[in-house]
Amino acid sequence: MLQREAKGRDKSFAEFAANKIGILLESDYLWRSVVEPKEGVAKMSDRDTAVGYALIPASKPGGGVKGQDFVSMSGGGATAINPNTKFPQQAWELLQFMNSAEMVKASLDGAAKITQRTDVNTEVLAGDPMLNFVATKVLPLTQYRPGLAEYPKISAALQQATADVVGGKSTDAAAKSYQTAVEAAAGSKDKVTSN
């Protein structure tokens, strides 16, 4: 029921850190910033020994995207060059500099955090088994949110379906409402596939 409360996510973090919630489906953010023993918002002194992590199984073996046995959804940010820039070469050189191993490491300021560079990850995550697990086992199979204007409607529909189930609605009814909302966002039934 916490997901229905305005501050439910924060409460779920505190309860997880206090061993009152057994499983949370979260990103590496939970590990790095929430239950981080020294500076986390819900400090967990025994995090490294008490918190486990695993891949998320697909609904059935081979049932994930691209026939995968496990699933993951990622987000994040990106830096792009405006195609109408008057200085494309300089913009490209700036992006190359910003994404160089040296600058990516400098931007971390000593923190262990997953980056866009495998070589940097290998170095900076060597002492953090959980973040190394995400970088080496989860990222290779993850999918990214589509960069479509319609996607926020689908995301909102998924949040509503989750709230419906938590609120007591049957999973079948919530799934049907979700399917209808996704079809509306996509523009028609034939643009949506499900299994």
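Remember, predicted model here, so these are calculated numbers, not experimental data.

Right, let's talk about the overall build of the protein for a bit. Of the regular secondary structure elements, the protein holds 9 helices and 4 strands. Start at the N end of the protein and walk to the C end: the helices and strands fall as α-α-α-β-β-β-α-α-α-α-β-α-α. Over its C-alpha atoms, taken along the principal directions, the protein stretches across nearly 50 × 50 × 35 Å. By sequence separation, contacts in the protein at least 24 residues apart represent 34% of the contacts at least 6 residues apart. When the accessible surface of the protein is totalled, it reaches about 13,600 Å², and 54% of it is carbon and sulfur. Mean positive and mean negative side-chain charge positions of the protein (22 and 21 charges, respectively) differ by 5 Å.

A word on the nonpolar core. The biggest cluster of nonpolar side chains holds 19 residues, and the ones touching the most others in it are Phe16 and Val35. Broken down by secondary-structure element, the contributors of at least two residues to this core are α1 (8-17), α2 (28-34) and α7 (129-138). Here the element with the most residues in this core is α7; it accounts for 6 residues.

Looking only at α7, the buried set comprises Met130, Leu131, Phe133, Val134, Ala135 and Val138. Where the residues of α7 are buried, they touch α2 and α6 (118-124).

A few words on the packing of aromatic side chains. Two aromatic rings, taken as a pair, are described by how far apart their centres are and by the angle between their planes. Under the counting rule described, the total for this entry stands at 3 aromatic pairs. Three or more aromatic residues link up through ring pairs in this structure, and these residues are Trp31, Tyr53 and Phe133. Sitting over the ring of Trp31, Arg47 keeps its end group 4.0 Å from the ring centre.

Our focus in this paragraph is unusual backbone geometry. We note that Lys66 has phi near 60°; this positive angle belongs to a residue other than glycine. Secondary-structure assignment places Lys66 in the loop between β1 (56-57) and β2 (70-71). Of note, the phi angle at Asp109 is positive, near 50°, even though the residue is not glycine. Position of Asp109 among the secondary structure elements: in the loop between α5 (101-108) and α6. Judged by relative accessible area, Asp109 falls into the exposed class, the value being 71%.

As a further point, take the side chain of Ser72. As for its placement among the helices and strands, Ser72 is situated in the loop between β2 and β3 (73-74). Reaching out from Ser72, the side chain makes a polar contact with the side chain of Thr142 at a distance of 3.1 Å.

Once that is clear, we can look at a nonpolar patch on the surface. On the surface, a nonpolar cluster with roughly 260 Å² of combined accessible area is contributed by Leu25, Ile56 and Val71. With respect to the element layout, Ile56 can be found in strand β1.

Let us look at the pattern of salt bridges. Counted according to the given criterion, the structure contains 6 salt bridges. Ionic pairing is found between Arg9 and Glu26, a salt bridge with its closest N-O pair at 2.6 Å. A residue pair is termed long-range when its members are at least 10 positions apart, and Arg9 in helix α1 and Glu26 in the loop between α1 and α2 qualify at 17 residues.

Rules and cut-offs
- Note that residues are indexed from 1 along each chain, following the sequence as it is written.
- This being a predicted model, a pLDDT of at least 70 is required before a residue's local features are given, and a value of 80 or more before pairs of side-chain atoms are given or counted; all residues contribute to the totals for chains, interfaces and linings.
- To obtain the side-chain values, all non-hydrogen atoms of the structure were included, while hydrogens and water were left out.
- In this description a helix means any DSSP run of H or I spanning at least four residues, a strand means any run of E spanning at least two, and both kinds are numbered starting from the N terminus.
- Throughout, a residue-residue contact means that at least one pair of heavy atoms, one from each residue, lies within 4.5 Å.
- All accessible areas in this document rest on Shrake-Rupley with a 1.4 Å probe, and a residue is counted as covered only by the protein chains that are shown.
- In this tally, Asp and Glu contribute negative charge and Lys and Arg positive charge; neither His nor the terminal groups of the chain are included.
- Charged groups are reduced to one reference atom each: NZ for lysine, CZ for arginine, CG for aspartic acid, CD for glutamic acid.
- Side-chain atoms within 4.5 Å are what join buried Ala, Val, Leu, Ile, Met, Phe, Trp, Tyr and Cys residues into a set we call a nonpolar core.
- Only protein chains enter the calculation, and the probe is 1.4 Å; a residue is then buried if its accessible area is under 20% of its type maximum, exposed if over 50%, and partly exposed in between.
- Aromatic contacts are taken between Phe, Tyr and Trp rings whose centres are within 6.5 Å, Trp giving its six-membered ring; a plane angle under 30 degrees counts as stacked, one over 60 as edge-to-face, and the others as tilted.
- Distance and angle both matter: a charge sits over a ring if NZ of Lys or CZ of Arg is within 6 Å of the ring centre and within 35 degrees of the ring normal.
- Under the rule applied, a polar contact is a pair of N or O atoms within 3.5 Å (in protein, one hydrogen donor and one hydrogen acceptor; residues adjacent in sequence only if both atoms are side-chain atoms).
- Here a patch means residues that are over 30% exposed by relative accessible area and free of salt bridges, tied together within 9 Å if like-charged and within 5 Å if nonpolar (Val, Leu, Ile, Met, Phe, Trp, Tyr).
- Basic side-chain nitrogens of Lys or Arg form a salt bridge, by our definition, when they fall within 4 Å of a carboxyl oxygen of Asp or Glu.

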